[in-house]
Amino acid sequence: MRDKILELLKQGQPEYVSGEAICQRLGVSRTAVWKHIQSLRSMGYEIEAVTNAGYRLIGVPDRLYPAEIGWGLKTSFMGRHVHYCERLDSTNRLARELAARGVPEGTLVVAEEQTGGRGRLGRGWFSPYAKGIWCSLILRPSLSPLDAPPLTMLAAVAVAEALQRAAGLKPGIKWPNDLLAGGRKLCGILTELDAEVEKVNHLIVGIGVNVNIAPGEFPPDLAETATSVLAVTGRRASRVRLLQEMLAALEYWYLRWQKEGFSPVLSRWKEYSVTLGRAVLVTSHRESYEGWAEDVDESGSLILRLPGGQRQKICSGEVSLRPLHDQGLI
Ligand code: ADP
C-alpha cells in the first residue's frame, strides 16, 4: 500500500495529489493514507501536505529502495524481485541462501552497506553506507560449470555500458572482469557457482561499484588502487539510475548470450579491454607468467604469448598490467 501511494505521488509530480483521490483510488481511509505518508517521510521522502490541495512529493532519498529501483526499470525479469537491506554482511551470502530456497531468476539482493563484503579468495570488499552499489543477482542458466566463466565477463560488459550511460564514464576492463578507471579499480565482480558435475544449479553474480565515495574516504590500503565515479567525474551519480542501467544491460546481454553464444559479448568485451595488446604478469594458482596478452578465446581464457614465442592459455588468474613506459610504448 505504501508503495502504491508513493507511485500515485510520483505520477502526480510536480502537482499535488488530493488525499481524497488517494483514498478513492486505493480504497483506504484518510487516516491510513496519513500513516503511510508518515512512514514514507521516515524513509527520507520529502512530502508536502497542504490543506485543500493534498500531498506533493518534493524529494526522494538517496536510497536503493525496491520502489525506486522498480520505477522506470526497463527489464522483464532482471531485478524484478528485490531483497533490500540497509546493512548486510554480504549480498552474495544472502543471495546464495535465497537461491537455495528457489527464488526466481533475476532476483536482486542489494544493501546500502556490507559489513563483510568479499572479493575473490576471501579478500575483503570495502562497501560503505549509501556510497556504492553492493548487490548480487541470482541466475539459473542451463549450462555446464565449465562454460560459466564467460558469464562473469558478460557482467563486466554490462556494468561498463551502464557506467557509460548513467555516468558518462568509459571504464576499461582488466581480464577477466575488473573495471578500471585511470588504472584504478572502480568495480569488482565475484561470481559464485552452485553446480553438480554436469549442470549449474544457480549462479550468483556479486557486483560492487564504487559510486559516490570521495577520494579521501578510501581506507589507506586502497588509497592508491581504488577509485569511484565521484573521484573520476567530479560529480555524484544517481545510484538508482546506474543500477537500473546495470540491470537493463545485464538482461540484454544475458538473453543475447543465450541466443547467440559468447561471441557478441566477447567482441563488446574487447572494446573495453585494457589487457589485450599489453605486456602483463599473470598469477594463476601457484604459477605466474609474464608475457604479451594476445587474445581471449571463445571460452573466455586469456591467451598469452610468452617471451620464447609459445602460447599459454590461462583460464583463471590475476593480471597485473605492466606500466606502459616499461613496455617501450611511451
Ligand atoms: P573481485 O573479483 O571481487 O574484484 P578481488 O579479490 O579482485 O575480487 O577484490 C578484492 C580486493 O580489492 C581486495 O583485496 C582489496 O585490495 C581491493 N578492494 C577492496 N574493496 C575495494 C573497493 N571498494 N574498491 C576497490 N578495490 C577494493
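Keep in mind the model is a prediction, meaning the values are calculated, not measured.

Caption draft 1: Highlighting the environment of Glu68. Tracing the sequence through the fold places Glu68 in helix α4 (residues 66–70). Glu68 sits in the buried class, given a relative accessible area of 7%. For the pair Glu68 and Gln244, spaced 176 residues apart in the sequence, the C-alpha separation amounts to 9.4 Å. Sequence-distant contacts of Glu68, that is, excluding residues within four places in its chain, are made with Leu6, Lys10, Tyr45, Val60, Arg63, Val240 and Gln244.

Caption draft 2: Quick peek at the site of the ligand. Around the ligand, the surrounding shell holds 14 residues, and the nearest of these are Arg120, Arg123, Phe126, Lys185 and Asn210. Between the ligand and Arg120, the relevant distance is 3.0 Å, taken from an oxygen atom to a main-chain nitrogen or oxygen of the residue. At a separation of 2.9 Å, an oxygen atom of the ligand approaches a polar side-chain atom of Arg123. When the free accessible area of the ligand is taken as 570 Å², the share hidden by the protein chains comes to 87%. When residues in the shell around the ligand are grouped by element, the largest group, 4 residues, is from strand β8 (residues 184–195). Looking at the shell around the ligand, its residues break down into 6 nonpolar, 4 polar and 4 charged.

Caption draft 3: Structural view of the pattern of salt bridges. This structure, assessed with the given rule, holds 27 salt bridges. Among the salt bridges present, the one from Lys174 reaches Asp178, with a minimum N-O distance of 3.9 Å. Residues Lys174 and Asp178 agree in their burial class; the two are buried. Note that Asp297 and Lys313 form a salt bridge whose closest N and O atoms lie 3.6 Å from each other.

Caption draft 4: Examining the domain arrangement of the protein chain more closely. When the domains of the protein chain are assigned, the result is domain 1 (2–59), domain 2 (66–272) and domain 3 (279–329). Computed over C-alpha atoms, the centres of domain 1 and domain 3 are 58 Å apart.

Caption draft 5: Spotlight on the packing of aromatic side chains. Here the structure, examined in full by the defined rule, presents 6 aromatic pairs. Ring geometry for Phe77 and Tyr254: centres 6.2 Å apart, planes at 55°, overall tilted. Linking Phe77 in the loop between α4 and β3 (82–88) with Tyr254 in helix α8 (residues 239–260), this pair joins segments that are 177 residues apart in sequence. By relative accessible area, Tyr254 is classed as buried at 1%.

Caption draft 6: Seen up close, helix α3 (residues 30–42). In this model, α3 (13 residues) spans 19 Å end to end at C-alpha, consistent with the 18 Å of a helix rising 1.5 Å per residue. Residues of α3 that are buried include every one of Val33, Ile37 and Leu40, and no others. Taken down its axis, α3 places every buried residue within 60° of arc, on the same side. Seen from the buried face of α3, the exposed residues on the opposite side, beyond 90 degrees, are Lys35 and Ser42. Its buried side turned inward, α3 meets α1 (2–12), α2 (19–26), β1 (46–50) and β2 (54–59). Phi for Gly44, located one or two positions after α3, is positive at around 110°.

Caption draft 7: Fine view of α8. Here α8 spans 31 Å end to end across 22 residues, near enough to the 32 Å set by a 1.5 Å rise per residue. Trailing α8 by a residue or two, Gly261 shows a phi angle of about 85°, which is positive.

Caption draft 8: Expanded view of the sheet that holds strand β7 (residues 178–181). The strand order β3-β4-β5-β9-β8-β7-β6 describes an open sheet built from 7 strands, whose pairing is mixed. Of all the strands in the sheet, just β3 and β6 (172–174) have a single pairing partner and so form its edges. If you compare each strand with its neighbour and ignore which way they point, the axes differ by 20° on average. Pairing between strand β4 (residues 108–114) and strand β5 (residues 132–139): 4 bridges, direction antiparallel. Residue pairing across strands places Val109 opposite Ser136, the latter belonging to β5. Each of β6, β7, β8 and β9 (200–210) touches helix α6 (residues 149–167); the most contacted strand, β8, lies at about 145° to it.

Caption draft 9: Representation of the nonpolar core within the structure. By size, the foremost hydrophobic cluster in this structure holds 67 residues, and its most contacted members are Ile207, Val209, Leu242, Leu243 and Met246. Broken down by element, the residue count for this core peaks at 13 residues, all from α6. A domain-level breakdown of this core finds at least three residues from each of domain 2 (66–272) and domain 3 (279–329). Residues contacting Leu242, with those up to four places away along its chain left out, are Ile133, Ala162, Leu163, Ala166, Val209 and Val211.

Caption draft 10: Spatial organisation of the sheet that holds strand β10 (residues 279–284). Here we have 5 strands laid out as an open sheet, ordered β13-β12-β11-β10-β14, and antiparallel in their pairing. Strands at the two margins of the open sheet, each flanked by one partner only, are β13 (311–314) and β14 (318–321). Going from strand to strand, the sheet's axes swing by 45° on average, the running direction of each strand aside. Taken together, the 4 bridges between strand β11 (residues 287–296) and strand β12 (residues 302–305) define a ladder with antiparallel strand orientation. Across the sheet, residue Trp292 finds its bridge partner in β12, namely Arg305.

Criteria and cut-off values
- Residues numbered from 1 in each chain as written.
- Predicted model: local features only at pLDDT ≥ 70, side-chain atom pairs only at ≥ 80, totals over all residues.
- Heavy atoms only, no water.
- Helix = DSSP H or I, 4+ residues; strand = E, 2+ residues; numbered from the N terminus.
- Buried < 20%, exposed > 50% of the residue type's maximum accessible area, 1.4 Å probe, protein only.
- Contact = heavy atoms within 4.5 Å.
- Near = heavy atom within 4 Å.
- Polar contact = N/O pair within 3.5 Å; in protein donor to acceptor, adjacent residues only side chain to side chain.
- Areas by Shrake-Rupley, 256 points an atom, 1.4 Å probe, with all protein chains shown as cover.
- Nonpolar A, V, L, I, M, F, W, Y, C, P; charged D, E, K, R; others polar.
- Salt bridge = Lys/Arg side-chain N within 4 Å of Asp/Glu carboxyl O.
- Domains from an automatic or database assignment.
- Phe/Tyr/Trp six-rings, centres within 6.5 Å; stacked < 30°, edge-to-face > 60°.
- Expected span 1.5 Å × (residues − 1).
- Arc of directions from axis to C-beta.
- Pairing = 2+ DSSP bridges.
- Axes fitted to C-alpha atoms, helices over the stretch in contact; angles between N-to-C directions.
- Core = buried A, V, L, I, M, F, W, Y, C linked by side-chain atoms within 4.5 Å.

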